Amino acid sequence: DACKEIRDLLLHDKKFEFNPKDGIDNPALSLTEDTGSLQGPAHGLCPHADDEGVGEPRFYLLNKGSAETFGFCLHEELGCQGHIIRQVELGGLAQRRGLQDGDRLLQVNGHFVDHMDHRRVVQKIKASGNQVLLVVLDGDSYKAAKALGRDLSQMLPADIRPRLCHIMRDKSDFGFSVSGPEGTKGTFQLSVRQDGPAERAGVPPGSWLLELNGASVRSYSHAQLARKVCAPDTGGGTLLVASSAVEEFYRLRGLRVTAALADISWLPFKVRELHMVKGPAGYGFLLKEDDCSSGATGQFLWDVDVGLPAEQAGMKEGDRLLAVNGESIEGLDHHQTVLRIRAHDDQVKLLVIDPASDEFYQSIGLSPLLFFEDSDPA
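These numbers come from a predicted model, not from an experiment.

Asker: Report on the overall build of the protein, specifying residues and quantitative values.
Answerer: When helices and strands are counted, the protein shows 10 helices and 19 strands. The buried share of the protein, taken over its 378 residues, is 51%. Of the accessible surface of the protein, which amounts to about 17800 Å², a share of 49% is contributed by carbon and sulfur atoms.

In structure tokens form, the structure reads like this:
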């Protein structure tokens, strides 16, 4: 009955309201061409643009094939502030898109990065996989803004991120209905029931549906969407949604909105940072190499001893290790990972993820490292 009700709403409510080597100077940071992947200046974003030598930020959505590179290095240089675009490869993707030597990187996938540790910024770009949204400011404007004491984050739009929401169906339904123009595919606006599963999962009323369970809905008809939502085994679903303002921001710049750009603060699936100080009996856990559900090889945490630093920091048996001291262990074997952990004698910071959260990110084809923030609680 619940599925029939949702199907009826989907079909008949037609109202329309308008995923390289370690290091910092890494030439292998790369992405490929795609229609509309680059736009130039975002006019009207900076109230002080063109005043006192301060220009406007520029937005670039870069898409690459697996064998391609971004075609630039990201540098941290003595005596210079910011994350600096260098060694822009002649004829490479970065140059074709318009990135210039000396540009300062301000945002990666909607995350303001000017204040971040350089290695973390590099990691964010790597974790983005084959697509990344970069926002840069030319070098002269960056220096001028810093000299004037400007808050660079205020030069960027406040909220241009879509939202990833995971909805668990209750006894009746998912708590939303869909409307769209008659006979048009891929255009779905959501009405959200008060206190329903969708609202509790963070779906904003009136938002636009862009992806369902990691797949774009651009080619779906209402009937096809209804079948996807009402499949017998559908107890939950992950929606990528955007408000009208966010959708318009990307559309006007010819940029495609994807889950890599999303705000995940409403998701129950999190990466955790564990800070451990070694005790007399060590850290109190065992690291084992095993196969991930994706088929790749991973490093897993087991035999967590009660009362020792690992347990006290929040480690759970079965957690998968993602990074050591802020550096991803992707591509490292067991011995190399152990050496990373032992690099500092008395303490270590580990990024870990539990099995359920790991499975979730694999299901939508994104690296969990893409979304980790320093402010995330352990």
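Asker: Can you tell me about the pairing of strand E2 (residues 58–63), naming the residues and giving the values?
Answerer: With 6 of its 6 residues buried, E2 lies for the most part within the structure. Neither face of E2 is exposed, since Arg 58, Tyr 60 and Leu 62 on one face and Phe 59, Leu 61 and Asn 63 on the opposite face are all buried.

Asker: Talk me through the pattern of salt bridges; I want residue IDs and the actual numbers.
Answerer: Taken as a whole, this structure holds 11 salt bridges when the rule is applied. One salt bridge connects Arg 86 with Asp 101, and the closest N-O pair in it is separated by 2.7 Å. Note that Arg 86 is positioned in strand E4 (residues 84–86) and Asp 101 in the loop between helix H2 (93–97) and strand E5 (104–108), a separation of 15 residues in sequence. In this structure, Glu 247 and Arg 251 form a salt bridge, with 3.1 Å as the shortest nitrogen-oxygen distance. Taken together, the residues span about one helical turn, with Glu 247 and Arg 251 both in helix H7 (residues 244–252) at a distance of 4 residues. Accessibility expressed as a relative area gives 23% for Glu 247, which makes it partly exposed. What makes Arg 251 partly exposed here is its relative accessible area of 48%.

Asker: Kindly report on the nonpolar core, identifying the contributing residues and their values.
Answerer: Ranked by internal contacts, the top residues of the largest apolar core, which has 44 residues, are Leu 152, Leu 164, Tyr 250, Leu 267, Leu 351, Tyr 361 and Leu 366. Once residues within four sequence positions are removed from consideration, Leu 152 is found in contact with Leu 106, Phe 112, Asp 114, Leu 137, Tyr 142, Ala 145 and Lys 146. With 20 residues, the next largest nonpolar core counts Phe 176, Val 192, Leu 212 and Val 229 among its residues.

Asker: Before we move on, could you go through unusual backbone geometry and cite the residues and values that matter?
Answerer: Peptide bonds are, in most cases, trans, and in most cases residues other than glycine have a negative phi. One non-glycine residue, Gln 87, lies in positive phi territory at about 50°. Among the secondary structure elements, Gln 87 is positioned in the loop between E4 and H2. In this structure, Asn 325 takes a positive phi of about 50° despite not being glycine. Within the element layout of this structure, Asn 325 appears in the loop between strand E17 (320–324) and strand E18 (327–328).

Asker: Which residues make up the environment of Lys 64, and what values do they have?
Answerer: Within the secondary structure, Lys 64 sits in the loop between E2 and strand E3 (73–75). Judged by its relative accessible area of 14%, Lys 64 is buried.

Asker: Residues and numbers for the packing of aromatic side chains, please.
Answerer: Taken as a whole and assessed by the stated rule, the structure comprises 7 aromatic pairs. With 6.3 Å between their ring centres and 35° between their planes, Phe 174 and Phe 176 make a pair best called tilted. Phe 176 shares its class with Phe 174; the two are buried. Taking 5.2 Å as the distance between ring centres and 75° as the angle between the ring planes, the aromatic pair formed by Phe 360 and Tyr 361 counts as edge-to-face. We note that Phe 360, like Tyr 361, is buried. Through pairs of rings, three or more aromatic residues link up here, namely Phe 59, Phe 249 and Tyr 250. Its guanidinium or amino end placed over the ring of Phe 249, Arg 253 lies 3.8 Å from that ring's centre, counting from NZ or CZ.

Asker: Let's hear about helix H4 (residues 139–147): which residues, and what values?
Answerer: Among the residues of H4, Gly 139, Ser 141, Tyr 142, Ala 144 and Ala 145 are the ones counted as buried. In the core, the buried residues of H4 are packed alongside E5 and strand E7 (131–137). Its side-chain oxygen placed 3.2 Å from the backbone nitrogen of Asp 140, Asp 138 serves as the N-cap of H4. In the segment just after H4, Gly 149 is the residue with positive phi, at about 75°.

Asker: With reference to specific residues and values, describe the confidence of the model for the protein.
Answerer: Predicted confidence across the protein gives a mean pLDDT of 82, with 84% of residues reaching 70 or more. Taken element by element, the predicted model of the protein shows its lowest mean pLDDT in strand E1 (residues 38–41) (38) and its highest in E4 (96). A low-confidence stretch, residues 9–49 stays under pLDDT 50, and its non-local contacts, those more than four residues away or across chains, total 140 contacts.

Asker: Go over a negative patch on the surface, please, and point to the residues and values.
Answerer: Together, Glu 289, Asp 290, Asp 291 and Asp 333 give the surface a local cluster of negative charge. Inspection of the secondary structure puts Asp 291 in strand E15 (residues 286–291).

Analysis parameters
Residues numbered from 1 in each chain as written. Predicted model: local features only at pLDDT ≥ 70, side-chain atom pairs only at ≥ 80, totals over all residues. Heavy atoms only, no water. Helix = DSSP H or I, 4+ residues; strand = E, 2+ residues; numbered from the N terminus. Buried < 20%, exposed > 50% of the residue type's maximum accessible area, 1.4 Å probe, protein only. Areas by Shrake-Rupley, 256 points an atom, 1.4 Å probe, with all protein chains shown as cover. Salt bridge = Lys/Arg side-chain N within 4 Å of Asp/Glu carboxyl O. Core = buried A, V, L, I, M, F, W, Y, C linked by side-chain atoms within 4.5 Å. Contact = heavy atoms within 4.5 Å. Phe/Tyr/Trp six-rings, centres within 6.5 Å; stacked < 30°, edge-to-face > 60°. Lys NZ or Arg CZ within 6 Å of the ring centre and 35° of its normal. Polar contact = N/O pair within 3.5 Å; in protein donor to acceptor, adjacent residues only side chain to side chain. pLDDT = per-residue confidence, 0-100. Patch = residues over 30% accessible without salt bridge, like charges linked within 9 Å, V, L, I, M, F, W, Y side chains within 5 Å. Lys, Arg positive; Asp, Glu negative; His and termini not counted. Charge placed at Lys NZ, Arg CZ, Asp CG, Glu CD.

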